[in-house]
Amino acid sequence: MQNAILAAFLGGVACATVGVFVVLMGVSFIGVCLAHAAFAGALLGVLVGFNPMLGAFLFSLGTAAIIGPLASRGELNLDTSIGVLFSLMLGLAFIFMGLMPGPKTQMLSLLWGSILTVSRTDLIWLGIVAVAVVAIVILFYKEIQAVIFNREIALAVGIPAGLIIYGILFLTGSTITVSLSPIGGLLIFSLIINPAAAAYQLTYSLKKMFLLSAVFGIVSGWIGLLASYLFSAPSGAAIIVTSSIIFGLAALFSPKRKVKRWQAKDEPSRVL
Amino acid sequence: MRNNGDFTNTAVKIERAVVSYREHVALREVSLEIKKGEFLGIIGPNGAGKTTLLSLINGLGKLVQGNVWVLGHSICRGSVNGIRKRVGYVAQLQNIDPRMPITVREVVMVGRYGQLGLFRRPHKTDQTVVNKMLELVGMSHLANRPIGHLSGGEQQRVAIARALAQEPEMLLLDEPTASLDWRAQGELLDLVRRIHEIQNLTTMFVTHDLNALPDICDRLVLMKEGKIWQQGQPEQVLKQDILSQLYDAPISIQEHEGRLVFLKAG
C-alpha cells in the first residue's frame, strides 16, 4: 500500500505536469496515442522476449518523433496525423496480442495498470521521470511559456521553438512509458488530461496552473486509492472517476465562467 | 560577403530571391535593398508575396534560390536565430483563447526571452524594458490582465510592445491593422509612426489595405504575382491608373482633409 501511495504521488506529478502542455497546446489526443504506442511496444517486448519497458519506451518515443515533424511543419492536420498513428498503434497492439500464446492476463494488466502491486523498479523509474519532468519545466519555464502562448512568435523572437516542442513530446512519451505498468494505458490519459483541465478552469497564471494541476493529480490518485480500498473497487477506475469529479467541480466553480454571466447582465442594446 | 563595410547603411539586401511552397512559387527572383532608418511600405493584392517577403527577413521563410542579407549577416541555415533576436515581428491579429493563462506583461516579456538565452531568468533590467514599452504603447494599465481579455486593438499594441521589448533594429509589421475597427486602426498607425521615429528603427509595413498605409512611408514597393511590380516614393506610385492595374480593380483616389483616401470605383 505504501508503494501504491508513492506511485500515485509520482505518477500524479509527472502526468499532471505533462498534462498542462497537452491541454494548453490543444493536443489532448496525443496522450491516448502515445499511451497506445507504449502499450503496443510493451506487448512486442513480451512477444519477442525483451524488456517490455524498453519496447514501450521505443514505441512511444518513436511515435512522438513522427508527430513532432508533422506538428512543426504543419504539413498535415495534427489531429488527423495523431488519429492515424493512434489507430495504427491499436492495430499493432492487437496483432501482437493475437500472436501471443497462452493467457493474456499480463497484457491486460498493462491496460488497466496494477498500482496496488507496483514493483520497486517501476517506482524508481517513475521517480526519475517525475523529477526530470519537474526539473525541465523549471529550467525551461520561459521558453515553454513562450511556445505554449504562440509557436510562431516564440520562433520570431529567437527561441528554438522546435527543440522545445520535441522536448515536450519526449517528456510526454517518457511519462507515459513509465506510468504504463503501475498506472495502466487507459488510466494515464485521464491522469494527464483531467488535473490540467481542472487547473485550467481556475487560474490565469501558468505557474499556478502547473502547481494546481500537480496537486489535483496527486489528490486524484490518493482519494482514488482510498475509495478503492473502502469500496473494494478497482483502483485504476476509482482514480479516473475521482479525477473526473475534481474536473467537474473545478468547471462548476470556475471564475473564468463567471465572466460570461456578468456579460449577460450587460446593458440592453438601444433600438432606434 | 559577411560583416564587411558594404552594409553600413544597408539594413536588408535581397538578391534574386525565389521562394516556393510545393507547386506554388510565392516569390519570383525578387531583389530589394532597404536603407537603415527607412520606412518601407509594401502593398499589393492578397497572394502577391508580401508576407513571404517579410518572412525572408526574419528567417521564417525558406529561400530556394538567391541571397538575403539582414543587418550585415547572410541569412542561411544556423545563423537565423541571431538575426531574429534583432528583428521585431508583428503579425495580424490572432485568435487568442480568452482563458489562456498568460498576462499582458508576460507576453511582452516573451520579447526579452530570445535575447536572454536559455537557462537565464529575466532581471530587473528586463522588467524595466518591459515597463517602458508597455508605457510607450499605452498599455501599462492593463499589464496584469490575461492577454485573451483585451480587445483586438489592445492586443496589437501589446504585440508591438513585445516586438519592441526585443530592442530590435528592424520592425516588421504584417497587416497589423487588419480586422481592427476604425479608431483602433488610426491609433495603431499613429503609434507605428511615433515608434519608428523615437526608436530609430528600420520599418517594413505590409498591407493590402491602401487606407491603412501610414503616411510616413519613405518608399512604397508594389507587389503582384510574386514580383516587385513597381516601386517609388508614395507620390509617384499612388496614382489611380497604377493602383487600378495593381489590384485589377478600378480604384479612385480622393483627397480629404489633406490625406489621400482610396475608394473602389465602379
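Right above here is the structure, for reference.
Residues numbered from 1 in each chain as written. Chains lettered and ligands numbered in written order. Predicted model: local features only at pLDDT ≥ 70, side-chain atom pairs only at ≥ 80, totals over all residues. Heavy atoms only, no water.

Novice: Now, about the overall build of chain A: what can you tell me, with residues and values included?
Specialist: A count of helical and extended segments in chain A gives 13 helices and zero strands. Relative to its length of 272 residues, chain A is compact, with a C-alpha radius of gyration of 20 Å against a globular reference of 19 Å. Referenced to the eigenvectors of the C-alpha coordinate spread, the extents of chain A come out at roughly 80 × 50 × 40 Å. A sequence separation of at least 24 residues applies to 76% of the contacts in chain A between residues at least 6 apart. For chain A, the computed accessible surface area is about 12500 Å², with 71% contributed by carbon and sulfur atoms. Once the 14 positive and 7 negative side-chain charges of chain A are each reduced to a mean point, those two points are 9 Å apart. (Helix = DSSP H or I, 4+ residues; strand = E, 2+ residues; numbered from the N terminus. Rg over C-alpha atoms; globule rule 2.2 N^0.38 Å. Contact = heavy atoms within 4.5 Å. Areas by Shrake-Rupley, 256 points an atom, 1.4 Å probe, with all protein chains shown as cover. Lys, Arg positive; Asp, Glu negative; His and termini not counted. Charge placed at Lys NZ, Arg CZ, Asp CG, Glu CD.)

Novice: How would you explain the pairing of strand E10 (residues 227–232) of chain B if you had to name every residue and give the values?
Specialist: Judged from the five bridges that link them, strand E9 (residues 219–224) of chain B and E10(B) form a sheet pairing that is antiparallel. Directly across from Val221(B), in E10(B), lies its bridge partner Gln231(B). (Pairing = 2+ DSSP bridges.)

Novice: How would you explain helix H6 (residues 120–139) of chain A if you had to name every residue and give the values?
Specialist: Along an α-helix, residues three or four apart share an orientation, since each turn contains 3.6 residues. Across its 20 residues, H6(A) extends 28 Å between first and last C-alpha, which sits within 8% of the 28 Å expected from 1.5 Å per residue. Restricting attention to buried positions, one finds in H6(A) the residues Asp122(A), Leu123(A), Leu126(A), Gly127(A), Val129(A), Ala130(A), Val133(A) and Val137(A). (Expected span 1.5 Å × (residues − 1). Buried < 20%, exposed > 50% of the residue type's maximum accessible area, 1.4 Å probe, protein only.)

Novice: Any details on the sheet that holds strand E1 (residues 10–21) of chain B? Residues and values, ideally.
Specialist: Residue and element names in this part refer to chain B. Spatially, E2-E1-E4-E5 is the arrangement adopted by the four strands of the open sheet, whose pairing is antiparallel. Each edge of the open sheet carries a strand with a single partner, namely strand E2 (24–35) and strand E5 (73–74). Relative to strand E4 (residues 65–70), E1 is paired through five bridges, and the arrangement is antiparallel. Residue pairing across strands places Lys13 opposite Trp69, the latter belonging to E4. Here helix H1 (residues 50–57) sits on the sheet and contacts E1, E2 and E4; the angle it forms with E1, its principal contact strand, is near 120 degrees. (Axes fitted to C-alpha atoms, helices over the stretch in contact; angles between N-to-C directions.)

Novice: For the nonpolar core, give the residues involved together with the corresponding values.
Specialist: Ile43(B), Ile160(B), Ile195(B) and Leu243(B) are the most contacted members of the largest nonpolar core, which has 142 residues in total. With residues up to four places along the chain from it excluded, the contact list for Ile43(B) reads Lys50(B), Thr207(B), Leu210(B), Leu213(B), Leu220(B), Val221(B), Leu222(B), Met223(B), Leu238(B), Leu243(B), Leu246(B) and Tyr247(B). (Core = buried A, V, L, I, M, F, W, Y, C linked by side-chain atoms within 4.5 Å.)

Novice: Lay out the packing of aromatic side chains in plain terms, naming residues and giving numbers.
Specialist: Per the stated rule, a full pass over the model turns up eight aromatic pairs over all chains. A centroid spacing of 5.2 Å and a plane angle of 55 degrees characterise the contact between Phe140(A) and Phe119(B), whose relative ring orientation is tilted. Here Phe140(A) is found in the loop between H6 and helix H7 (141–149), whereas its partner Phe119(B) is found in the loop between helix H3 (104–116) and helix H4 (124–136) on a different chain. The exposure class assigned to Phe140(A) is buried, which follows from its relative accessible area of 19%. Sitting over the face of the ring of Trp69(B), Lys13(B) holds its NZ or CZ atom 5.7 Å from the ring centroid. (Phe/Tyr/Trp six-rings, centres within 6.5 Å; stacked < 30°, edge-to-face > 60°. Lys NZ or Arg CZ within 6 Å of the ring centre and 35° of its normal.)

Novice: Which residues make up the environment of Gly114(B), and what values do they have?
Specialist: Examined against the element boundaries, Gly114(B) turns out to sit in helix H3. Here the alpha-carbon distance between Gly114(B) and Lys227(B), two residues 113 residues apart in the chain, equals 32 Å. If sequence neighbours within four positions are ignored, Gly114(B) has contacts with Val157(A), Gly158(A), Ile159(A) and Lys85(B).

Novice: Describe the packing of helix H5 (residues 105–112) of chain A against helix H10 (residues 185–202) of chain A, naming the residues involved and giving the relevant values.
Specialist: Residues and elements named next belong to chain A. Relative to each other, H5 and H10 sit at 5 degrees, their axes nearing to 3 Å. Here H5 is positioned roughly parallel relative to H10, judged by the angle of their axes. Contacts between H5 and H10 involve Leu110, Leu111 and Trp112 on the former and, on the latter, Gly185, Leu186 and Leu187. (Parallel < 35°, antiparallel > 145°, perpendicular 65-115°, else oblique.)

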